[in-house]
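Take a look at the letters that make up each chain.
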Amino acid sequence: MSLQPTTTVARIAGYVGETVTLAGWVYHKTGKGKLVFLLLRDGSGTIQCVIFKKQVSETTFALAQQLGQEAACRVTGSVRADERAPGGFELDVHELELVGPSVEYPISPKDHGVEFLMEHRHLWVRSARQHALLRVRAEVIAAAQEWLNEQGFIRFDSPILTATAAEGTSNLFATDYFDLGKAYLAQTGQLYVEAGMMAFGKVYCFGPTFRAEKSKTRRHLTEFWMIEPEVAFADHEDNLVLQEQFVSAIVQRVLERRAADLDVLERDTTVLKRCVPPFPRISYDDALELINAHQGEVEGATPVPWGEDFGAPHEQLIASQFDRPVFVERYPAAIKAFYMEPDPARPEVALCADLLAPEGYGEIIGGSQRIHDPDLLERRINEHGLDVADYRWYLDLRRYGTVPHSGFGMGIERAVAWITGTRHIRETIPFPRMLYRIYP
Ligand code: 4AD
Ligand code: MG
């Protein structure tokens with residue numbers, strides 16, 4: 001015997017007039033007199049199941065009346081097309097089997113505070129909005145990887161336990177590593193994909209990355225997922241072109257395949273539809289002027305002296321001047337990572353860019369051309385107070401067949417927050433890890 005259903009709600013259109021078995025959970029239940037209406041959720045969708053007293057046994061009808069919210073059951077009945085039904089189909093139930101009861105499910109249709117919901121995240125993921133968000137997340141991840149695969153990239157996995165820092169030493173999670181001292185949770189896979197790039201030409205890594213950032217903002221997680229392409233024989237320009245193609249391919253695929261979910265999320269898709277190359281580009285210097293000219297339009301976007309980084313209000317102000325994602329390029333080298341190639345015309349700035357999403361979602365991509373000269377790289381490692389001995393292997397990449405190369409990292413949660421129009425990043429990952437949350 002199999003417990004598998006005949007089909008799923010998503011595929012029900014192919015079964016009109018037939019008898020099928022569905023398996024799922026009771027999302028909602030109403031009834032009057034001789035009728036019980038079950039809204040059954042099977043993970044692929046929801047369907048209204050109609051239980052009419054005269055068409056089922058007495059025990060089945062009694063069981064239907066007793067089912068609690070989120071009770072698991074198998075329901076057998078005939079599929080009927082009904083224009084008035086949400087989704088267009090209903091199931092006239094013949095049989096009902098309780099698989100797992102549910103009594104006093106804590107999340108009711110009434111409004112709960114977000115802290116309560118976060119505390120019940122393991123159950124909250126069943127709710128319609130969360131469900132739509134996580135489906136979009138899955139689509140973004142699939143779209144990103146499949147697009148890169150089609151472009152000839154090889155997935156090249158990078159380690160999570162690492163011996164060195166790559167994105168500054170102030171936000172490392174450390175753990176003891178046997179007799180070898182400290183190990184750190186990877187802040188990025190980049191240094192390792194650079195080794196892969198020299199082996200395969202075009203590679204990417206995709207996995208969780210960690211930052212012990214004590215920032216309690218709506219854009220920061222301590223554990224987030226990043227996809228990081230890296231390309232040989234590619235300069236800063238090539239990098240920006242790749243990024244705009246990559247981002248627009250992902251957004252267009254979500255628009256095509258997850259329209260129903262964007263609808264549940266009440267996402268205004270006009271901004272997303274405009275997300276096609278070329279994306280506007282402005283330099284860090286021009287961004288400073290833009291901030292001066294428009295200060296006051298966004299709270300907290302006060303003038304920035306040259307050489308300092310932007311805060312969230314500044315990014316919001318810059319992005320608000322454009323109708324699609326915008327690249328801010330050539331930041332002062334001193335505020336960026338040690339591995340970034342300096343601009344040959346102006347060595348005080350780096351050949352790097354941040355891609356800022358529209359509507360105040362901030363930086364979704366950080367990327368750069370990498371230093372490919374071994375001597376310069378060694379100098380930079382020293383200047384950043386890092387121990388050259390730890391980076392021997394990374395310097396080797398520049399000693400044996402070095403090439404100009406570039407890459408970037410897109411944070412999945414930031415991208416999903418923007419695409420879905422979700423204010424806080426905590427809802428874009430199944431189990432967010434934040435300064436004040438590690439349960440559930
Ligand atoms: O700009 P970042 O720090 O760049 C890197 O790590 C490079 N090594 C990537 C590369 O060139 N291969 O981070 C890249 C992206 C950000 O744009 C943002 O989307 C995301 O990672 N990110 C975070 N997302 C959530 N929470 C945090 N604390 C994040 N920090 C970065
Ligand atoms: Mg960055």
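Since this is a predicted model, take the numbers as computed values, not measurements.

**Q** Looking at this structure, how should I read the domain arrangement of the protein chain?
**A** Interface extent is often summarised as the accessible area lost during association of the parts. The domain boundaries assigned to the protein chain delineate domain 1 (9–100) and domain 2 (121–280 + 322–428). For domain 1 versus domain 2, the distance between C-alpha centres works out to 44 Å. Contacts between the two partners involve six residues from domain 1, matched on the other side by five residues from domain 2. With both chains or domains summed, domain 1 and domain 2 bury close to 400 Å², and 36% of this area falls on carbon and sulfur atoms. A per-residue breakdown of the area domain 1 buries against domain 2 is headed by Tyr-27, Arg-41 and Gly-43, which together make up 72% of the total. For the pair domain 1 and domain 2, the number of links is one salt bridge. In this structure, Arg-126 and Glu-70 form a salt bridge, with 2.9 Å as the shortest nitrogen-oxygen distance. Our count for the contact surface shared by domain 1 and domain 2 stands at four residue pairs in polar contact (both at pLDDT 80 or more).

**Q** Please clarify how the UniProt feature "domain: Aminoacyl-transfer RNA synthetases class-II family profile" (unreviewed entry) in the protein chain should be interpreted in this entry.
**A** Sequence positions flagged by UniProt for "domain: Aminoacyl-transfer RNA synthetases class-II family profile" (unreviewed entry) are, in local numbering, residues 134–430. Within residues 134–430, the helical portion is 36% and the strand portion 22%, while the C-alpha atoms at the span's ends are 7 Å from each other.

**Q** Mind showing me how you'd approach the packing of aromatic side chains here?
**A** In this description, a pair of aromatic rings is defined by centroid distance and the angle of the planes. Summed over all chains, the structure comprises 15 aromatic pairs. The interplanar angle of 75° and the centroid separation of 5.5 Å between the aromatic rings of Phe-338 and Tyr-339 together place this pair among those described as edge-to-face. Among the residues examined, Phe-338 registers a relative accessible area of 3% and is labelled buried. Connected via pairs of aromatic rings, a cluster forms that spans Tyr-192, Phe-338, Tyr-339, Tyr-391, Trp-393 and Tyr-394. One cation-aromatic arrangement involves Lys-336 over Tyr-331; the distance from NZ or CZ to the ring centre is 4.2 Å.

**Q** I'm lost on the packing of helix α4 (residues 128–150) against helix α13 (residues 412–420) in this one. Help?
**A** Between two packed helices, the angle of one axis relative to the other and the distance separating the axes together describe the packing. The contact between α4 and α13 brings their axes to 10 Å, and the two run at 120°. Judged on the interaxial angle alone, α13 and α4 are oblique. Seen along the crossing, α4 lies across α13 with a hand that is right-handed. Contacts between α4 and α13 involve Leu-133, Val-136, Arg-137, Val-140 and Ile-141 from the former and Ile-412, Glu-413, Val-416, Ile-419 and Thr-420 from the latter. Partitioning the contact of α4 with α13 into residue classes produces seven nonpolar, one polar and two charged.

**Q** Help me out: how do you make sense of helix α11 (residues 374–383) in this one?
**A** Each full turn of the α-helix corresponds to 3.6 residues, which orients residues three or four apart in the same direction. Those residues of α11 not exposed but buried are Pro-374, Leu-376, Leu-377, Arg-380 and Ile-381. For α11, the arc enclosing every buried residue in end-on projection is 160°, short of the 170-degree limit, so these residues lie on one face. Looking at α11, the residues exposed on the side facing more than 90 degrees away from the buried face are Asp-375 and Glu-383. Buried-residue contacts for α11 involve β14 (342–343) and α12 (392–399). With a side-chain oxygen lying 3.3 Å from the backbone nitrogen of Asp-375, the N-terminal cap of α11 falls on Asp-373. One or two positions beyond α11, positive phi appears at Gly-385, with a value near 70°.

**Q** Where do I start with the site of ligand 1 in this structure?
**A** Residues in close proximity to ligand 1 total 24 residues, the closest being Glu-167, Gln-190, Glu-213, Glu-228 and Glu-363. In this structure, Gln-190 approaches ligand 1 through a side-chain N or O atom, which is 2.7 Å from a nitrogen atom. Contacts to ligand 1 include Tyr-339, whose side-chain N or O atom sits 3.3 Å from a nitrogen atom. The set of elements that each furnish at least two residues to the shell around ligand 1 consists of β11 (223–232), β17 (362–370) and β18 (405–411).

**Q** So what exactly am I meant to see when it comes to the side chain of Arg-258 here?
**A** Checked against the element boundaries, Arg-258 lands in the loop between α6 (236–257) and α7 (259–264). Overall, Arg-258 belongs to the buried group, its relative accessible area being 19%. A polar contact of 3.4 Å, which involves the side chain of Arg-258, links it to the side chain of Glu-139. Setting aside anything within four residues of it in sequence, one finds Arg-258 in contact with Arg-135, Val-136, Glu-139 and Arg-253.

**Q** Even after reading the chapter, I still don't get the sheet that holds strand β9 (residues 182–185), so can you show me in this structure?
**A** As a general point, the strands of a sheet are linked pairwise by backbone hydrogen bonds and lie either parallel or antiparallel. Spatial ordering of the open sheet is given by β7-β9-β8, a layout of three strands whose pairing is antiparallel. Each having just a single partner strand, β7 (161–162) and β8 (174–176) make up the two edges of the open sheet. For β7 and β9, the ladder comprises two bridges, and the chain directions are antiparallel. Among the inter-strand pairings, Thr-162 is bridged to a residue of β9, identified as Tyr-184.

**Q** Could you clarify how one ought to interpret the nonpolar core in this entry?
**A** Within soluble globular proteins, side chains that are nonpolar generally end up buried alongside one another. Val-140, Ile-227, Phe-246, Val-247, Met-410, Trp-418 and Ile-419 are the most contacted members of the largest nonpolar core, which has 43 residues in total. Elements supplying a minimum of two residues to this core: α4, β10 (202–210), β11, α6, β16 (352–357), β17, β18 and α13. It is α4 that provides the largest number of residues to this core, a total of nine residues. The contacts of Trp-418, once residues within four sequence positions are left out, are Val-247, Val-251, Arg-267, Leu-272, Cys-275, Pro-325, Ala-357, Pro-358, Glu-359, Tyr-361 and Ile-364. Among the nonpolar cores identified, the runner-up in size contains 37 residues, and Leu-191, Val-304, Leu-377 and Val-388 belong to it.

**Q** Help me out: how do you make sense of the side chain of Arg-380 in this one?
**A** Note that Arg-380 resides in helix α11. A polar atom in the side chain of Arg-380 sits 3.1 Å from the side chain of Glu-383.

Rules used in this analysis
- Along each chain, residue indices are assigned from 1 in the same order as the chain's sequence is written.
- Chains carry letters from A onward and ligands carry numbers from 1 onward, assigned in written order.
- Residues qualify for local features only when their pLDDT is at least 70, as the model is predicted, and side-chain atom pairs are given and counted only at 80 or more; totals for whole chains, interfaces and linings, by contrast, use all residues.
- Side-chain numbers here rest on the full set of heavy atoms in the structure, without hydrogens or water.
- Start and end points for every domain follow an automatic or database-based domain assignment.
- The contact criterion used is simple: two residues touch if any of their non-hydrogen atoms lie within 4.5 Å.
- Two parts placed together each lose some accessible area under a 1.4 Å probe, and the buried area is that loss summed for both.
- A carboxyl oxygen of Asp or Glu within 4 Å of a side-chain nitrogen of Lys or Arg is what we treat as a salt bridge.
- Whenever a nitrogen or oxygen atom comes within 3.5 Å of another N or O atom, the pair is scored as a polar contact, on the condition that within protein one atom can donate a hydrogen and the other can accept it, and that pairs from neighbouring residues in sequence are kept only if both atoms are in side chains.
- UniProt positions are given in the numbering used here, feature names are shortened, and annotations may be inferred rather than shown by experiment.
- Elements are defined by DSSP. Helices are runs of H or I of four residues or more, strands are runs of E of two residues or more, and each kind is numbered from the N terminus.
- The rule is short: rings of Phe, Tyr and Trp, with Trp giving its six-membered ring, pair when the centres are within 6.5 Å, and they are stacked under 30 degrees, edge-to-face over 60, tilted in between.
- Exposure is judged per residue with a 1.4 Å probe applied to protein chains only, and the accessible area is read against the type maximum: over 50% gives exposed, under 20% gives buried, and values in between give partly exposed.
- Look at NZ for Lys and CZ for Arg. If either is within 6 Å of the ring centre and within 35 degrees of the ring normal, a charge sits over the ring.
- Note on method: axes are straight lines fitted to C-alpha atoms, helices fitted across the in-contact stretch only, with angles between N-to-C directions ranging 0 to 180 degrees.
- With respect to orientation, any angle under 35 degrees is reported as roughly parallel, any angle over 145 as roughly antiparallel, any angle of 65 to 115 as roughly perpendicular, and every other angle as oblique.
- We call a crossing left-handed when the near helix sits turned anticlockwise from the far one by less than a right angle, and right-handed when that turn is clockwise.
- Classes in brief: Ala, Val, Leu, Ile, Met, Phe, Trp, Tyr, Cys and Pro nonpolar; Asp, Glu, Lys and Arg charged; the others, Gly included, polar.
- When we speak of the arc, we mean the arc of directions from the helix axis to the C-beta atoms.
- To be near a molecule or strand, a residue needs just one of its heavy atoms within 4 Å of it.
- A strand pair is defined by DSSP finding two or more bridges across the two strands.
- The definition of a nonpolar core used throughout is a set of buried Ala, Val, Leu, Ile, Met, Phe, Trp, Tyr and Cys residues joined through side-chain atoms within 4.5 Å.

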